[in-house]
Amino acid sequence: MNGPLPVVPVSILTGFLGAGKTTLLNRLLKDPELADTAVIINEFGDVAIDHLLVEASSDGVIELSDGCLCCTVRGELVDTLADLMDRMQTGRIRPLKRVVIETTGLADPAPVLQSVLGNPVVAQNYRLDGVVTVVDAVNGAQTITSHVEAMKQVAVADRLVISKAGLARDGQVDRLMAVLRELNPRAPIVDGDGDAAGRAELFACGLYDATTKVADVGRWLQDEAEAGHDHDHDHGHDHGHDHDHCHEDHGHRRHHHHDVNRHGSDIRSFSIVHERPIEPMALEMFIDLLRSAHGEKLLRMKAIVSVADDPERPVVLHGVQSVFHTPERLAAWPDPADRRTRMVMITKGLQEAFVRDLFDAFTGKPRVDQADAQALADNPLVVPGMRF
Ligand SMILES: Nc1nc2c(ncn2[C@@H]2O[C@H](COP(=O)(O)OP(=O)(O)OP(=O)(O)O)[C@@H](O)[C@H]2O)c(=O)[nH]1
């Protein structure tokens, strides 16, 4: 009979929306040292795309359902970790050498950390081996100032990885380094393009130690531990935050009273699903307009698109605020049974109806009260029926 399984190290990979978490993970998973790693990803949005874009063998990637890891999905994370352990113990899967949890970009890391550190069942079988936070060189400094989650993600980190340095303007990386140093004086700062960012050692941080971080980190974890305790007794999911977060789904709103709005009441997540291939020019104009007129309100856009010039080979689009990355053409549909265009957007102060109308105008869905594509391109700030 085999002895008890060794305690499995858990790494948390975090970073604000679009910082480059999945890109880094895909690179790291190529290191043979990270074979036998399970990846738990958590996506904010009702149409899942992320799992299509993580390149590990599909049985190594577990997707947590819609909702944010720091709010509604915490219980699911704990259940998933317990289930993985059960499967290992009963020999249904090979023993894992590591579990990596990729959070949503909007996640407050404190409750996620507390789920691993503070849950007795989890803590028996897993140990938190560190937090790796990706920070985007172009948007990072501004994002940390505007979003408390981004600031906390930096403060709790054991390693800080700077992505997109190649896209940064003069002085941007130095300014970002200064911000990072102030929030987290001890975590090594790693160049996302360098070799160290692609090796398994990036995750080998040693047992998580909040006392090596700025003083606030210990307090956040303590607050979470107390909030978690309250949950057990009264199921109040408040934490002092507003509860009005909502997903907008194809024109319908689904209020999730338990999907706590830690993320600001003007942050929305919605998706556009389109059956027919889209003309390349229409797609380009739609994206151009969205980016140039409303880029700063578009926290994140992720899409897999059927383009009419080659519908067999979908295009993957990534937008992060005003930065749109070079589109990538895939060799084939990740799931050949589903060839629909799917776009997921996370916006701040930009309504779904506005984006949807814009999309409809460019994809030729006729509407009597709707401006045509040319009129929109001429004056993107005027959309009939829309007020700003
Ligand atoms: N040039 C450049 N592009 C990058 C780098 N890292 C990521 N990107 C691009 O940034 C976009 C977003 O990257 P992702 O890895 O999906 O970001 P993410 O943090 O996982 O995004 P969310 O999970 O939505 O928060 C993609 O188009 C990537 O190709 C980098 O270091 N350099």
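Thresholds applied
- Residues numbered from 1 in each chain as written.
- Predicted model: local features only at pLDDT ≥ 70, side-chain atom pairs only at ≥ 80, totals over all residues.
- Heavy atoms only, no water.
- Salt bridge = Lys/Arg side-chain N within 4 Å of Asp/Glu carboxyl O.
- Buried < 20%, exposed > 50% of the residue type's maximum accessible area, 1.4 Å probe, protein only.
- Helix = DSSP H or I, 4+ residues; strand = E, 2+ residues; numbered from the N terminus.
- UniProt positions renumbered as here; feature names shortened; annotations may be inferred.
- Near = heavy atom within 4 Å.
- Polar contact = N/O pair within 3.5 Å; in protein donor to acceptor, adjacent residues only side chain to side chain.
- Areas by Shrake-Rupley, 256 points an atom, 1.4 Å probe, with all protein chains shown as cover.
- Nonpolar A, V, L, I, M, F, W, Y, C, P; charged D, E, K, R; others polar.
- Core = buried A, V, L, I, M, F, W, Y, C linked by side-chain atoms within 4.5 Å.
- Phe/Tyr/Trp six-rings, centres within 6.5 Å; stacked < 30°, edge-to-face > 60°.
- Lys NZ or Arg CZ within 6 Å of the ring centre and 35° of its normal.
- Contact = heavy atoms within 4.5 Å.
- Pairing = 2+ DSSP bridges.

Overview of the pattern of salt bridges
Turning to step 1, where the next piece is worked out: All told, the structure shown has 17 salt bridges when counted by the stated rule.
Turning to step 2, where the next piece is worked out: One salt bridge in this structure joins arginine 92 and aspartate 86, with 2.8 Å as the shortest N-O distance.
Turning to step 3, where the next piece is worked out: Look at arginine 92 and you get exposed, because its relative accessible area is 53%.
Turning to step 4, where the next piece is worked out: We note a salt bridge from aspartate 216 to arginine 219, for which the minimum N-O separation is 3.2 Å. With a gap of 3 residues between them, aspartate 216 and arginine 219 both fall in helix H9 (residues 215–234), about one helical turn apart.
Turning to step 5, where the next piece is worked out: Accessibility expressed as a relative area gives 34% for aspartate 216, which makes it partly exposed.
Turning to step 6, where the next piece is worked out: Residue classification places arginine 219 among the partly exposed residues on the basis of a relative accessible area of 44%.

Remarks on the UniProt feature "domain: CobW C-terminal" (unreviewed entry) in the protein chain
Turning to step 1, where the next piece is worked out: As annotated by UniProt and renumbered to match this structure, "domain: CobW C-terminal" (unreviewed entry) occupies residues 267–363.
Turning to step 2, where the next piece is worked out: Taken end to end, residues 267–363 is 27% helix and 35% strand, and its first and last C-alpha atoms sit 26 Å apart.

Observations regarding the site of the ligand
Turning to step 1, where the next piece is worked out: In the region of the ligand, 18 residues are neighbours, and Lys21, Thr22, Thr23, Arg300 and Lys302 sit closest.
Turning to step 2, where the next piece is worked out: With respect to the ligand, the backbone of glycine 18 contributes an N or O atom lying 2.9 Å from an oxygen atom.
Turning to step 3, where the next piece is worked out: One of the side-chain N or O atoms of histidine 325 is found 3.1 Å from an oxygen atom in the ligand.
Turning to step 4, where the next piece is worked out: For the ligand, the protein covers 81% of the area, taking 650 Å² as the surface of the free molecule.
Turning to step 5, where the next piece is worked out: Elements represented by at least two residues in the shell around the ligand include exactly helix H1 (21–28) and strand E11 (298–305).
Turning to step 6, where the next piece is worked out: Per-element tally for the shell around the ligand: the top contributor is H1, with 3 residues.
Turning to step 7, where the next piece is worked out: Within the shell around the ligand, the residues separate by chemical class into 4 nonpolar, 7 polar and 7 charged.

Overview of the nonpolar core
Turning to step 1, where the next piece is worked out: Among the nonpolar cores identified, the biggest contains 28 residues, and Ile12, Val99, Ile101, Leu113, Tyr126 and Tyr208 are the most heavily contacted of them.
Turning to step 2, where the next piece is worked out: When residues of this core are traced back to their parent elements, those giving at least two are strand E1 (8–15), strand E2 (37–42), helix H3 (74–89), strand E4 (98–102), helix H4 (109–118), strand E5 (126–136) and H9.
Turning to step 3, where the next piece is worked out: No other element matches H3, which puts 6 residues into this core.

Digging into the packing of aromatic side chains
Turning to step 1, where the next piece is worked out: Scanning the model with the defined rule gives 1 aromatic pair in all.
Turning to step 2, where the next piece is worked out: Both rings, one in phenylalanine 286 and one in phenylalanine 359, keep their centres 5.3 Å apart while their planes meet at 80 degrees; by these two values the pair is edge-to-face. Of this pair, phenylalanine 286 sits in helix H10 (residues 280–294) while phenylalanine 359 sits in helix H11 (residues 352–362), and the two are 73 residues apart along the sequence. When sorted by exposure, phenylalanine 286 lands in the same class as phenylalanine 359, which is buried.
Turning to step 3, where the next piece is worked out: One residue, lysine 152, lies across the ring of tryptophan 220, its end atom 5.0 Å from the ring centre.

Observations regarding the environment of glycine 130
Turning to step 1, where the next piece is worked out: Tracing the backbone shows glycine 130 in strand E5.
Turning to step 2, where the next piece is worked out: Since its relative accessible area comes to 0%, glycine 130 is described here as buried.
Turning to step 3, where the next piece is worked out: With sequence-adjacent residues up to four places away left out, glycine 130 is seen in contact with Val10, Ser11, Ile12, Asp158, Cys205, Gly206 and Tyr208.

Structural notes on H4
Every α-helical turn comprises 3.6 residues, leaving residues that sit three or four positions apart pointing alike.
Turning to step 1, where the next piece is worked out: With 8 of its 10 residues buried, H4 lies for the most part within the structure.
Turning to step 2, where the next piece is worked out: Buried within H4 we find Pro109, Ala110, Pro111, Val112, Leu113, Gln114, Ser115 and Val116.
Turning to step 3, where the next piece is worked out: Between the side-chain oxygen of the N-cap and the backbone nitrogen of alanine 110 there are 2.9 Å, and the N-cap of H4 in question is aspartate 108.

As for the pairing of strand E12 (residues 315–320)
Turning to step 1, where the next piece is worked out: The element E12 is largely enclosed, with a buried count of 5 among its 6 residues.
Turning to step 2, where the next piece is worked out: Pairing geometry for E11 and E12, over 5 bridges, is antiparallel. Residue pairing across strands places valine 305 opposite valine 315, the latter belonging to E12.
Turning to step 3, where the next piece is worked out: Sheet topology note: the E12/strand E14 (residues 328–329) ladder contains 2 bridges and is antiparallel. Bridging across to E14, valine 316 finds its partner in glutamate 328.
Turning to step 4, where the next piece is worked out: Relative to strand E13 (residues 323–324), E12 runs antiparallel, the two sharing 2 bridges. Opposite glycine 319, over in E13, you have phenylalanine 324 as the bridge partner.

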